[in-house]
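Report on the structure
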There are 2 protein chains.
Amino acid sequence: MKYSSNELLDDIDIQLLKHLGQDSNIATKDLAAKVNLSPSPVFERLKRLEASGFIKKYIAVLDAEKLSYGLMIFCNIKLKQHDKAIGSDFVKDVMQLKEVVECYNISGDYDFLLKVYARDMKHYQDFVFNKLGSVKSIGSTHSTFVMCENKNTHNINL
Amino acid sequence: MKYSSNELLDDIDIQLLKHLGQDSNIATKDLAAKVNLSPSPVFERLKRLEASGFIKKYIAVLDAEKLSYGLMIFCNIKLKQHDKAIGSDFVKDVMQLKEVVECYNISGDYDFLLKVYARDMKHYQDFVFNKLGSVKSIGSTHSTFVMCENKNTHNINL
DNA sequence: CTTGAAAAATGGAGGGT
DNA sequence: ACCCTCCATTTTTCAAG
């Protein structure tokens, strides 16, 4: 069975992923035309790419600014201590916070990096003092504010 | 006309955006069932939300690891000088690099923050020395490596 | 918003290279 | 193993009320 372990995708699969990573609303027949196939085999390939996890899901990309989340912040976090229990406590707590859209365990001076969306500075202040402030495992934080988003492809570029 | 300037979305629009931001493959009729409406008005709302830009696009979310881009790096960049021309030169150059999936102009010690995907350390080394290395406007860089992705919602949480 | 109907996409069967 | 054409079913799309 194809794609079972670490099997390679062929050129057409890569083409399909490349297109769908940028626009998934394209009709199967238009996608088929782009890779010079008929809709059926393309349809079968899509189902396989979904079932095998190369495609995780399909989403609508929303305009954060229009939805009044005009402020993006990268928040660096240092834990109080570095044992496993403290770390998983932190992750569990931070997962609940709706302002946090991404959370990474990182190398360097800080332990975690959060990408945070806030309506405005007042909202972010409340987030830091009231929400992060009540997460016990946090030692210190450092915020970096985004002034301008120059590029965001939302996917790896194959 | 609805949504023309800074008009408010109603509760149902927000519900629709919330669902589509997590899964856009849902059929209109299933979406309609979730908000207790028939497919037609939901369809009309979707078209308005798309036309007015609240929904920017629809994409497939790809599995970077499975596609052998197992390494994520946040690369902080300091420019040589801080005039407008140098800044836009940098943005223009960095836009071309396929390893860079996000680029932000930020506050703090560094000028830009890049989110970078690489196959492995060798690939990233090549990226820093050969690709970033040939961008004239760059003064210095500082890389932060992602050890674990704990959360990624791919959208604001309404 | 509802009804209702035309247009289109989905997903399978069966056959060919 | 992969692709094709054909066709039934379902879904999308868009009138008109």
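Residues numbered from 1 in each chain as written. Chains lettered and ligands numbered in written order. Predicted model: local features only at pLDDT ≥ 70, side-chain atom pairs only at ≥ 80, totals over all residues. Heavy atoms only, no water.

An unreviewed UniProt entry lists chain A under the name Lrp/AsnC family transcriptional regulator, from Mucilaginibacter achroorhodeus.

Once that is clear, we can look at helix H5 (residues 121–131) of chain B. Residue and element names in this part refer to chain B. The complete set of buried residues in H5 reads His123, Tyr124, Phe127 and Val128. Looking straight down H5, one finds that the buried residues subtend no more than 135 degrees of arc, so they occupy a single side. Exposed and facing more than 90 degrees away from the buried side of H5 are Lys122 and Phe129. Residues of H5 that are buried sit in contact with strand E2 (71–79), strand E3 (100–106), strand E4 (112–118) and strand E5 (138–152). (Buried < 20%, exposed > 50% of the residue type's maximum accessible area, 1.4 Å probe, protein only. Helix = DSSP H or I, 4+ residues; strand = E, 2+ residues; numbered from the N terminus. Arc of directions from axis to C-beta. Contact = heavy atoms within 4.5 Å.)

The next thing to look at is the packing of aromatic side chains. With the rule as written, the count across this model stands at nine aromatic pairs over all chains. Relative to Phe112(A), the ring of Phe90(A) lies with its centre 4.4 Å away and its plane at 40 degrees, an arrangement referred to as tilted. A residue pair is termed long-range when its members are at least 10 positions apart, and Phe90(A) in helix H4 (residues 84–95) and Phe112(A) in strand E4 (residues 112–118) qualify at 22 residues. Each member of the pair, Phe90(A) together with Phe112(A), is buried. For the pair Tyr124(B) and Phe145(B), a centre-to-centre distance of 5.6 Å together with 80 degrees between the ring planes defines the contact as edge-to-face. Taken together, the residues span a long stretch of sequence, with Tyr124(B) in helix H5 and Phe145(B) in strand E5 at a distance of 21 residues. Taken together, the ring pairs connect Phe74(A), Tyr104(A), Phe74(B) and Tyr104(B) into an aromatic cluster. The cationic tip of Lys78(A) hangs over the ring face of Tyr110(A); the distance from NZ or CZ to the ring centre is 4.9 Å. (Phe/Tyr/Trp six-rings, centres within 6.5 Å; stacked < 30°, edge-to-face > 60°. Lys NZ or Arg CZ within 6 Å of the ring centre and 35° of its normal.)

Among the eight residues in strand E1 (residues 55–62) of chain A, six count as buried, and that is most of the element. Where E1(A) and strand E1 (residues 55–62) of chain B come together, seven bridges link them in antiparallel fashion. The residue of E1(B) that forms the bridge with Ile55(A) is Leu62(B). (Pairing = 2+ DSSP bridges.)

Here we come to the interface of chain A and chain B. In this complex, chain A contributes 58 residues to the contact, which on the side of chain B involves 58 residues. Across the chain A to chain B interface the summed buried area is about 5,800 Å²; carbon plus sulfur atoms make up 58%. Lys115(A) is the partner of Glu102(B) in a salt bridge, and the nearest nitrogen-oxygen pair spans 2.9 Å. Of all the secondary structure elements, the ones that give two or more residues to the side of chain A that touches chain B are helix H1 (11–22), E1, strand E2 (71–79), H4, strand E3 (100–106), E4 and strand E5 (138–152) of chain A. Of the residues contributing to the side of chain A that touches chain B, the split by class is 33 nonpolar, 15 polar and ten charged. (Buried area = accessible area lost by both parts, 1.4 Å probe. Salt bridge = Lys/Arg side-chain N within 4 Å of Asp/Glu carboxyl O. Nonpolar A, V, L, I, M, F, W, Y, C, P; charged D, E, K, R; others polar.)

Let us now look at the relation of the copies chain A and chain B. Once turned by 180 degrees and shifted 0.0 Å along the axis, chain A lies on chain B with an RMSD of 0.1 Å. The superposition of one copy onto the other is thereby described by a two-fold rotation axis. Relative to the rotation axis, the closest C-alpha in chain A is found at Ile59(A), a distance of 2.8 Å. A symmetric contact is evident, with 100% of the interface residues of chain A recurring at the interface of chain B. (Least-squares fit on C-alpha atoms with pLDDT ≥ 70 in both.)

Glancing now at the protein's contact with DNA strand C. Taken together, Ala27(A), Thr28(A), Lys29(A), Ser40(A), Phe43(A), Lys47(A), Ser38(B), Ser40(B), Pro41(B) and Arg45(B) make up the full set of residues near DNA strand C. Of all DNA strand C atoms lying within 4 Å of any protein atom, the proportion belonging to sugar or phosphate reaches 72%. The separation between a base oxygen of DNA strand C and a polar side-chain atom of Ser40(A) is 3.2 Å. Note that a phosphate oxygen of DNA strand C is positioned 2.6 Å from one of the side-chain N or O atoms of Ser38(B). Put simply, the parts of the chain that give the surface near DNA strand C at least two residues each are helix H2 (28–34) and helix H3 (39–51) of chain A together with helix H3 (39–51) of chain B. Along the lines of polarity and charge, the residues of the surface near DNA strand C split into three nonpolar, four polar and three charged. (Near = heavy atom within 4 Å. Polar contact = N/O pair within 3.5 Å; in protein donor to acceptor, adjacent residues only side chain to side chain.)

In this structure, Ile138(B) sits in strand E5. When neighbours within four sequence positions are excluded, Ile138(B) is seen to be in contact with Ile77(B), Lys78(B), Lys80(B), Phe90(B) and Leu132(B).

The subject of this paragraph is the UniProt feature "domain: HTH asnC-type" (unreviewed entry) in chain A. Sites flagged by UniProt as "domain: HTH asnC-type" (unreviewed entry) map to residues 9–72 of chain A. Secondary structure within residues 9–72 of chain A divides into 50% helix and 16% strand; the distance between the first and last C-alpha atoms comes to 36 Å. (UniProt positions renumbered as here; feature names shortened; annotations may be inferred.)

What follows is about the sheet that holds E5(B). In spatial order, the strands read E2(A)-E4(A)-E3(A)-E5(B)-E2(B)-E4(B)-E3(B)-E5(A); together these eight strands close into a barrel with antiparallel pairing. With strand direction ignored, the average angle separating the axes of adjacent strands in the sheet is 35 degrees. Bridge analysis of E2(B) against E5(B) gives seven bridges, and the strand direction is antiparallel. Paired with Cys75(B) across the strands is Ser143(B), a residue of E5(B). Contacts from helix H5 (residues 121–131) of chain A reach E2, E3, E4 and E5 of chain A, with the element oriented near 140 degrees to E4(A). Contacting E5 of chain A together with E2, E3, E4 and E5 of chain B, helix H4 (residues 84–95) of chain B crosses the sheet at an angle of about 15 degrees to E4(B). (Axes fitted to C-alpha atoms, helices over the stretch in contact; angles between N-to-C directions.)

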